[in-house]
Amino acid sequence: MINLRGAAGSNEGIELYDGGSQVWSINNIGSDSDSFQIRRGSDDAQAIKIVSSTLDMIIGGDISGSVTSTGSFGRLEIDGDIQGGNLFITSSGQSVIQVGNNGTTLNKWEWHRDGERKWVIYNDGRTNGLAGQDSLVFKHGISSDGNDHINFYMKPDDQDVYFEGNVTGSSTSTGSFS
């Protein structure tokens, strides 16, 4: 075991060199609650940071793997939020995004702009919801808006679509709704 010690609040670690150039550094961040990090030496970019107080891991680049060639990353399990700029789900076969829970709560997809929810689609697991348990609901508005903001919903026991507002169309320009 190698033990590195320094004054409180200081950074202790290991620097890896190729000739005279630092390639990587592995160290704790004394000024950041003793978090752990791996940094690239050429530009001091943070590759990985683990926050000591929460065990959150921050990745400075992409994570990739190949299910077919190495078996790596065939499954990713996260306890908490996944945040990023883009999320791409691809597959050479069928792609499935599953949202699930237990009990009588909602499974939701929400769309936000400027920090405020604008749209939500949810499977209503509640027994007292407007459309009944396990209905699929499409709704507009902010999180605190009530059932009066539901646009339409579908029940699991029939093929009908239930609209909560007007359905409009133009018979003169498109020939629809004649």
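Everything below is about the structure shown above.
Residues numbered from 1 in each chain as written. Predicted model: local features only at pLDDT ≥ 70, side-chain atom pairs only at ≥ 80, totals over all residues. Heavy atoms only, no water.

## Thoughts on the overall build of the chain
Next, step 1: Scanning the chain for helices and strands turns up zero helices and ten strands.
Next, step 2: What you see in the chain, going N to C, is helices and strands ordered as β-β-β-β-β-β-β-β-β-β.
Next, step 3: Taking as baseline every contact in the chain between residues at least 6 positions apart, the subset at least 24 positions apart corresponds to 4%.
Next, step 4: Per element, the accessible surface of the chain, about 13,900 Å² overall, is 48% carbon and sulfur. (Helix = DSSP H or I, 4+ residues; strand = E, 2+ residues; numbered from the N terminus. Contact = heavy atoms within 4.5 Å. Areas by Shrake-Rupley, 256 points an atom, 1.4 Å probe, with all protein chains shown as cover.)

## Topic: the pattern of salt bridges
Next, step 1: Evaluation of the coordinates by the stated rule reveals seven salt bridges.
Next, step 2: Put simply, D124 and R126 hold a salt bridge, and the shortest N to O gap is 2.8 Å.
Next, step 3: Judged by its relative accessible area of 28%, R126 falls in the partly exposed class.
Next, step 4: In the salt-bridge network here, residues are joined through shared partners; they are K108, E110 and R117. (Salt bridge = Lys/Arg side-chain N within 4 Å of Asp/Glu carboxyl O. Buried < 20%, exposed > 50% of the residue type's maximum accessible area, 1.4 Å probe, protein only.)

## Focus: the pairing of strand 8 (residues 135-140)
Next, step 1: Taking every second residue as pointing to the same face, the buried face of strand 8 carries S135, V137 and K139, while none of L136, F138 and H140 on the other face is buried.
Next, step 2: Relative to strand 9 (residues 150-154), strand 8 runs antiparallel, the two sharing four bridges. Across the sheet, residue L136 finds its bridge partner in strand 9, namely M154. (Pairing = 2+ DSSP bridges.)

## Remarks on the sheet that holds strand 5 (residues 57-59)
Next, step 1: Spatially, the five strands line up as an open sheet ordered 1-2-3-4-5, and their pairing is antiparallel. For this open sheet the edge positions go to strand 1 (13-18) and strand 5, each flanked by a neighbour on one side alone. Here the strands of the sheet are splayed against their neighbours by 10 degrees on average, with no regard to which way each runs.
Next, step 2: Bridge count for strand 3 (residues 35-40) against strand 4 (residues 46-50) is four bridges, and the pairing is antiparallel. What sits directly across from I38, in strand 4, is I48. (Axes fitted to C-alpha atoms, helices over the stretch in contact; angles between N-to-C directions.)

## Quick word on the sheet that holds strand 7 (residues 116-124)
Next, step 1: Strand order in the open sheet formed by five strands is 6-7-8-9-10, with antiparallel pairing between adjacent strands. Strand pairing shows two members of the sheet lacking a second neighbour, strand 6 (106-113) and strand 10 (161-163), which therefore form its edges. The mean inter-strand angle of the sheet, taken between neighbouring strand axes irrespective of direction, is 15 degrees.

## Some points on a nonpolar patch on the surface
Next, step 1: Judged by side-chain polarity, I2, L4, I14, L16, V23, W24, I26 and F36 come together as a nonpolar surface patch covering roughly 680 Å² of accessible area.
Next, step 2: Put simply, the parts of the chain that give the nonpolar patch at least two residues each are strand 1 and strand 2 (21-29).
Next, step 3: Ranked by residue count, the leading element in the nonpolar patch is strand 2, at three residues.
Next, step 4: Within the secondary structure layout, I14 lies in strand 1.
Next, step 5: With a relative accessible area of 39%, I14 lands in the partly exposed category. (Patch = residues over 30% accessible without salt bridge, like charges linked within 9 Å, V, L, I, M, F, W, Y side chains within 5 Å.)

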